[in-house]
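Understanding the architecture of this molecule
Here's the letter readout for the chains.
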Amino acid sequence: MAPLDRLPLDALHRALGAKMGAFAGVEMPMQYAGVMDEHRHARTRAALFDVSHMGQVVLDAPADTAAAALEALVPQDIAGLKAGRQRYAFFTNAEGGIEDDLMIADYGGQIRLVINAARREADMALLRAGLPADVPARLLSDRALLALQGPEAEAALAPLAPEAAAMRFMDVAEMEVAGVPAWISRSGYTGEDGYEISLPADRAEAVARALLDRPEVAPAGLGARDTLRLEAGLCLYGQDIDSTTSPIEAGLGWAIQKARRAGGAREGGFPGAARILREMAEGAPRARVGLRPAGRAPMRAGVPLYEDETGGAPVGTVTSGGFGPTVGAPVAMGYVPAAAARQGHEIFGEVRGKRLAATVSDLPFVPARTKR
């Protein structure tokens, strides 16, 4: 087995008493004070996550050239992305499945991407094969990425980077944080307000310590990141979406802008367009839904779903599930037939050989509180 990579802030995590574990080939802090406490701190104050395992990619070409080239790989309107803005996107394949989801930002002359850790090598191969020679993709190895998330994130960051307070959700900008040049986006993976801060790896610890010195901020690990994103109804690649899942099944049609849809200025032209545009018009045979299990037993990923309490074949599967600390009850997401994807519909998940009732619920479980 290959040795695990270590984060630039590995020593700081250990000094803070983090419990470490493996994720996507990287040794990551899973928790510090405990998942429940860290989750609640992110919902009420501000939590600092080290997400340096994510891939940061630069396209070394003029932004308009790079944006136009990217549209051959994603269904999003990248040519229409304004400088200083970021957009959620996904790579699709010829069958209309999702190869990865990512963030695409225009930093006023340069397009930069953030891709999932487990898909770094596959995504880089996809980019290099799919982009023209004059749009080279470069995976950065000398940067860290911090996520500051929670209702007090702005108050915590503003003393160190005053310009950050004026940013809106999905804005991006370059500025100094505690004297260190950084790339900042007002975004995250929790449903809360917050920022993602990219900065030179060798100066990341100084910035992390400056943020942790703020009274609003506490460190948080991968465990709380997962419970927060589940309550926010956000997909985890490899569980809730994968190469067989279409964006429409996953409820991500909102992320395909008008210009790329049927009748749009640049209709189609991306892998799997035939299936994706057809499902946009006619509907998909299944849908990702929220689930509220009855009782206190969680329904975790892999639990089969049935229409009836006894008999019959599975009609779907739970893709993510656990206890929602803010909700105060179990929550889950999964796929069910389109006919069953209506709020209040009862379905049954088989847990340890026993079928337990769950109610189909709208997503998210906890409303987003981003700054518009």
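Look above for the structure.
Residues numbered from 1 in each chain as written. Predicted model: local features only at pLDDT ≥ 70, side-chain atom pairs only at ≥ 80, totals over all residues. Heavy atoms only, no water.

**Digging into the packing of aromatic side chains**
In this structure the tally under the stated criterion is three aromatic pairs. Pairing tyrosine 88 with phenylalanine 90 gives two aromatic rings, centres 5.9 Å apart and planes at 75 degrees, and the pair type is edge-to-face. Across the pair, phenylalanine 90 and tyrosine 88 agree in class, each one buried. The exposure class of tyrosine 88 is buried, given its relative accessible area of 16%. Grouped by ring-pair contacts, the aromatic residues Tyr88, Phe90 and Trp254 constitute a single cluster. When the ring centre of tryptophan 183 is taken as reference, the NZ or CZ atom of arginine 143 above it lies at 3.7 Å. Here the guanidinium or amino end of arginine 355 rests over the ring plane of tyrosine 306, the centre of that ring lying 3.5 Å away. (Phe/Tyr/Trp six-rings, centres within 6.5 Å; stacked < 30°, edge-to-face > 60°. Buried < 20%, exposed > 50% of the residue type's maximum accessible area, 1.4 Å probe, protein only. Lys NZ or Arg CZ within 6 Å of the ring centre and 35° of its normal.)

**Examining the nonpolar core**
Judged by nonpolar contacts, the single largest core of 30 residues is most densely connected at Phe49, Val51, Tyr88, Phe90, Ile98, Ile241 and Leu252. Counting residues per element, the ones that place at least two in this core are β4 (46-50), β6 (85-92), β7 (98-106), β10 (143-149), α7 (222-231) and α8 (273-282). The element that contributes the greatest number of residues to this core is α8, accounting for three residues. Counting residues in hydrophobic clusters, the runner-up holds 29 residues, among them Ala153, Leu157, Leu160 and Ala204. (Core = buried A, V, L, I, M, F, W, Y, C linked by side-chain atoms within 4.5 Å. Helix = DSSP H or I, 4+ residues; strand = E, 2+ residues; numbered from the N terminus.)

**Remarks on the pairing of strand β19 (residues 346-351)**
The sheet contact formed by strand β16 (residues 304-306) and β19 spans two bridges and is antiparallel. Residue leucine 305 lies in a different strand from β19, and its bridge partner there is glycine 349. Here β19 pairs with strand β20 (residues 354-361) via six bridges, running antiparallel. Its bridge partner being in β20, phenylalanine 348 is matched across the sheet by alanine 357. (Pairing = 2+ DSSP bridges.)

**Here's the deal with the side chain of asparagine 93**
The topology assignment puts asparagine 93 in the loop between β6 and β7. Residue classification places asparagine 93 among the buried positions, given a relative accessible area of 11%. Here serine 243 takes part through its backbone oxygen, which lies 2.9 Å from a polar atom of the side chain of asparagine 93. Other than its neighbours up to four places away in sequence, asparagine 93 contacts Glu99, Ser243, Pro271 and Gly272. (Polar contact = N/O pair within 3.5 Å; in protein donor to acceptor, adjacent residues only side chain to side chain. Contact = heavy atoms within 4.5 Å.)

**Side note on the pattern of salt bridges**
Using the criterion set out here, one finds 27 salt bridges in the structure. Arginine 14 is the partner of aspartate 10 in a salt bridge, and the nearest nitrogen-oxygen pair spans 2.7 Å. Of this pair, aspartate 10 and arginine 14 both sit in helix α1 (residues 10-15), separated by four residues, roughly a single helical turn. Under the relative-accessibility criterion, aspartate 10 is labelled buried at 7%. Relative accessible area serves as the criterion here: at 36%, arginine 14 is assigned to the partly exposed category. Where salt bridges share partners, they join Arg6, Asp10, Arg14 and Glu27 into one cluster. (Salt bridge = Lys/Arg side-chain N within 4 Å of Asp/Glu carboxyl O.)

**Here we look at the sheet that holds strand β3 (residues 26-31)**
Pairing within the open sheet is mixed, and its three strands lie in the order β1-β3-β2. Where the open sheet ends on each side, the last strands, each with one partner, are β1 (5-6) and β2 (19-23). Looking at chain direction, β2 and β3 are connected through five bridges and run antiparallel. The residue bridging glycine 21 from the neighbouring strand is methionine 28, located in β3.

**Points about the packing of helix α2 (residues 35-44) against α7**
Interaxial distance between α2 and α7 falls to 8 Å at its minimum, and their mutual angle equals 55 degrees. The angle between the axes of α2 and α7 places the two elements in the oblique class. Our pair here, α2 against α7, has a crossing hand that is right-handed. Packed against α2, whose contacting residues are Val35, Glu38, His39, Ala42 and Arg43, the element α7 presents Gly223, Ala224, Thr227, Leu228 and Glu231 at the interface. Of the residues belonging to the contact of α2 with α7, the class tally is four nonpolar, three polar and three charged. (Axes fitted to C-alpha atoms, helices over the stretch in contact; angles between N-to-C directions. Parallel < 35°, antiparallel > 145°, perpendicular 65-115°, else oblique. Left-handed = near helix turned anticlockwise from the far one by under 90°. Nonpolar A, V, L, I, M, F, W, Y, C, P; charged D, E, K, R; others polar.)

**Considering the environment of tyrosine 32**
Checked against the element boundaries, tyrosine 32 lands in the loop between β3 and α2. Using a relative accessible area of 14% as the deciding quantity, one classes tyrosine 32 as buried. Each C-alpha atom, one on tyrosine 32 and one on leucine 73, is 39 Å from the other, the two residues being 41 residues apart in sequence. In this structure tyrosine 32 touches His13, Leu16, Ala18, Glu38, Pro219, Ala220 and Gly221, once residues within four positions along its chain are discounted.

**Observations regarding the sheet that holds strand β11 (residues 172-177)**
Across the sheet, six strands lie side by side as β11-β12-β13-β10-β4-β14; this open sheet has mixed pairing. With one partner strand each, in any of the chains shown, β11 and β14 (217-219) form the two edges of the open sheet. Neighbouring strand axes in the sheet, compared pairwise and without regard to direction, differ in orientation by 30 degrees on average. When strand β12 (residues 180-185) meets strand β13 (residues 194-200), the two strands line up antiparallel, connected through three bridges. Bridging from a neighbouring strand, isoleucine 184 pairs with isoleucine 197 of β13. Across the face of the sheet, α2 comes into contact with β4, β10 and β14 while running at roughly 120 degrees to β4.

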